[in-house]
Amino acid sequence: MSNGLSLKKDLAKILLYSLLSLFLIPAFTYWFSQHVENKQDEKFLSFVSQQIDTDSKLTSEEKFQQQEFFRQYPPSKICDSNIAEAASYRERVCARYSDNWQFIMAKKVSAWTMAGGVVLLISVLLLGAFAFLNEKAQYLSFVTGWRVLTLSCTAGTIAQGAMLMWLSFWVTAYFMNRYSVKLIAVAVIFVAIAVFYVIVSIFKRVNSNHQIQGELISEQAAPGLWQRVRELAARLKTAAPDNIVAGIDANFFVTESPLNVSGRSLRGRSLFISIPLLRLLSQSEADAVLAHELAHFRGGDTANSAALGPKLAQYDQYCFEMRSAHVPTVFYLMCLYRMIFEIASARNSRDREFLADRIAAKVIAPAAVTYSLIKIAAYANYRNEIENQLFSRNERHGASVGIAQFVASGLHPYARSSAFIDTMKHASVPHPYDSHPKMTERMKNVGHVIAEADYGAIVTSIPAQTWAADIQVADEIEARLWTSYEEDFSQAHEHSLAYRYEPANEEEEALVLRYFPPVEFSLSEGKAIQVTYAGWILPDETEPLAWDRVDTYEYEDGMLSDTLTIKHPEKGMLGAKSTKVKLAGIKKVREEFKNVSGHYWHRHQVMRHQQALQ
């Protein structure tokens with residue numbers, strides 16, 4: 001319920017932001033143009049009426065007729081009129097690029113932009129609804145949506161950019177009787193950058209080769225496993241995989257997307273198997289898992305994912321580029337469609353998983369499917385818990401973290417604990433590509449439900465035969481992969497400690513300095529400012545201004561000298577205390593100084609937050 005409520009809130013928020021990004025600037029442009037036109041019409045009619053009233057050559061009827069004509073066709077309306085007798089009047093007030101012409105064009109452009117926004121929003125909602133039909137509809141929806149959104153959002157960005165540049169002059173000119181060259185320049189630069197990113201990012205390509213931590217298993221290294229996989233594929237009336245990749249991740253999956261395994265590019269159908277899980281599963285239980293995965297080949301799920309995957313990756317990269325470039329006219333609407341598409345994809349994924357489970361239950365046995373679900377979920381959840389515990393430690397790990405040993409020795413005691421049952425009530429089987437249903441729902445789907453009290457006995461049962469035993473190089477592969485995995489884990493943990501430590505001793509300080517060494521920036525007149533994990537060492541100072549004495553800070557670029565304004569948490573007589581530091585000569589390394597300062601300041605904030613949680 002809470003997840004559903006959160007999803008609704010996120011959708012509502014993205015929809016609101018999409019509406020603002022589509023209509024805020026055009027609506028304001030339309031209102032502003034209409035407002036100015038009304039005021040200008042009033043002034044014009046007042047002036048013309050006065051001139052007509054004082055013209056002694058006109059009769060009362062002629063004066064009335066002329067005044068009525070101008071009331072009916074003020075400057076804001078005459079440009080769209082084709083009345084022949086008003087030709088000279090129209091030429092005077094409707095000359096191209098004249099003030100009146102600009103406001104009329106601004107109204108038209110903003111109106112058409114808003115109309116286009118309505119059509120685009122409806123199109124996004126309809127394409128999102130179409131994606132709920134089936135996999136083929138999903139593919140067509142996404143390809144069409146990708147093209148429609150990029151082209152439409154590009155056009156919308158150009159149109160809104162033109163309005164923004166126009167407004168940057170006219171808003172101040174009208175309300176303040178002056179204009180700001182700096183404001184206009186900022187608007188022009190911002191729009192130019194936005195349009196550049198919108199167009200250039202369309203053509204950026206994404207590396208679609210998925211990096212997999214594993215090793216290729218040849219038929220000579222596991223003849224029995226390869227034979228069994230081919231037998232299951234034949235029973236399912238689908239082609240067997242071209243590659244079998246063994247790894248230590250806590251899942252099984254199939255894909256037809258290109259894979260990069262140990263520097264080798266794999267094409268065609270690939271099956272990933274988990275050696276630790278194969279040791280836990282009996283052969284019949286593993287057969288149920290393999291049949292489930294091969295069923296995805298038969299159903300065309302992997303072919304569809306292979307075709308759609310690179311496009312999704314490119315779409316997501318484009319969204320990231322638009323967010324980084326601060327282009328709301330594109331980002332929020334594309335996010336809205338992506339969220340709707342993801343909901344449709346998740347529902348379709350759920351249906352595919354249920355179907356694959358039923359096929360596996362029919363080919364092998366319902367009990368084998370259920371037992372495999374329990375064992376995989378138990379292993380994955382316990383391993384995740386162990387890794388979280390190890391990562392949360394505030395001491396560095398040695399050369400070997402020992403994750404595999406911790407999991408192997410602790411899984412059975414964990415399966416007999418009360419915490420195990422509580423965790424398994426809401427467990428799902430992990431998978432790298434799909435949103436899987438809850439484990440209990442999958443049990444009901446295959447018609448073999450196990451009581452929670454019996455989960456522990458299933459997990460602790462020792463299989464008589466496993467497919468891991470058939471892989472002759474399993475021990476060597478597992479050892480190599482665990483070594484590599486634990487090295488990465490240990491390095492990531494050490495990096496996190498550099499954020500957590502205050503530091504409290506020399507050993508902790510040495511680790512923090514490894515990732516956050518002092519960085520000095522030269523200034524003019526032989527001075528310098530230094531950024532350290534403890535704070536800034538300001539020019540002419542020897543001790544750092546501690547980060548704890550920094551509430552917020554602002555950096556202002558200057559022509560001759562940049563200014564760093566530091567606001568302190570303590571209060572003075574006139575409010576919060578602050579320190580202003582002139583940074584003459586820093587222009588060449590300005591951006592680096594900003595980045596380093598922000599990075600080190602963020603480290604300190606994370607460290608204090610971690611301390612508060614302890």
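Let us look at the structure shown here. Not measured: the values here are computed from a predicted model.

Let us look at the overall build of the protein. Across its full length, the protein carries 20 helices and 14 strands. Computed over C-alpha atoms, the radius of gyration of the protein comes to 34 Å, more than 25% over the 25 Å expected from 2.2 N^0.38 for 614 residues, which places it beyond the range of a compact globule. For the protein, the spread of C-alpha atoms along the three principal axes comes to 115 × 70 × 45 Å. Burial statistics for the protein: of 614 residues in total, 46% are counted as buried. Across the protein, every contact between residues at least 6 apart in sequence was considered, and the portion connecting residues at least 24 apart equals 70%.

Before going further, it helps to spend a moment on a nonpolar patch on the surface. Together, I189, I193, F196, Y197 and V200 line one region of the surface with nonpolar side chains, adding up to about 450 Å² of accessible area. Structurally, the position occupied by I189 is in helix α7 (residues 181-200).

On to the sheet that holds strand β5 (residues 259-261). Spatially, β1-β5-β6 is the arrangement adopted by the three strands of the open sheet, whose pairing is mixed. Two strands in the sheet have a free side with no partner beyond their single neighbour: β1 (210-212) and β6 (264-266). Strand-to-strand twist in this sheet, taken as the mean axis angle between neighbours without regard to direction, amounts to 30 degrees. Relative to β5, β1 runs parallel, the two sharing three bridges. By the bridge assignment for β5, H210 is matched with L259.

Another aspect to go through is the state of the cysteines. Applying the stated rule across the entire model yields one disulfide. C319 takes part in no disulfide bond, and the closest cysteine sulfur to it belongs to C335, at a distance of 4.9 Å.

Between E502 and the following residue, P503, the backbone shows a cis peptide bond with an omega angle of 0 degrees. For P503, the location among the structural elements is in the loop between α18 (474-500) and α19 (506-515). You will see that D540, though not glycine, has its phi angle at about 70 degrees, which is positive.

Attention now goes to the nonpolar core. Counting 70 residues, the largest nonpolar core has I217, I273 and I374 as its most contacted members. For this core, the element with the highest residue contribution is helix α13 (residues 366-392), accounting for 12 residues. The next biggest cluster of nonpolar side chains, apart from the first, holds 34 residues, and it includes L127, C153, M322 and A325.

Reading the values: rules and limits
In this numbering scheme, every chain counts its residues from 1 along its sequence in written order. Reporting in this predicted model follows two pLDDT cut-offs: at least 70 for local features of residues, and 80 or more for side-chain atom pairs to be given and counted; totals over whole chains, interfaces and linings ignore these cut-offs and use all residues. The side-chain figures draw on all heavy atoms in the structure; neither hydrogens nor water molecules are used. Counting from the N terminus, the helices are DSSP H or I runs at least four residues long and the strands are E runs at least two residues long. In this treatment the radius of gyration is a C-alpha quantity, and the globule benchmark scales as 2.2 Å times the residue count to the 0.38 power. Throughout, exposure labels follow a simple rule: accessible area from a 1.4 Å probe, protein chains only, divided by the maximum for the residue type, with under 20% read as buried, over 50% as exposed, and the rest as partly exposed. Any two residues whose heavy atoms approach within 4.5 Å are treated as being in contact. Residues enter patches when they are more than 30% accessible in relative terms and free of salt bridges; like-charged ones are connected within 9 Å and nonpolar ones (Val, Leu, Ile, Met, Phe, Trp, Tyr) within 5 Å. Residue exposure ignores everything except the shown protein chains as possible cover, and the areas themselves are Shrake-Rupley values with a 1.4 Å probe. The rule for a salt bridge is simple: a side-chain nitrogen of Lys or Arg has to be within 4 Å of a carboxyl oxygen of Asp or Glu. Two strands pair under a simple rule: DSSP has to find at least two bridges between them. To get an axis, fit a line to the C-alpha atoms, keeping to the stretch in contact for a helix; angles then go from 0 to 180 degrees between the N-to-C directions. Cysteine sulfur atoms that pair up within 2.5 Å are treated as a disulfide. Buried Ala, Val, Leu, Ile, Met, Phe, Trp, Tyr and Cys residues that are joined via side-chain atoms within 4.5 Å together make up what is termed a nonpolar core.

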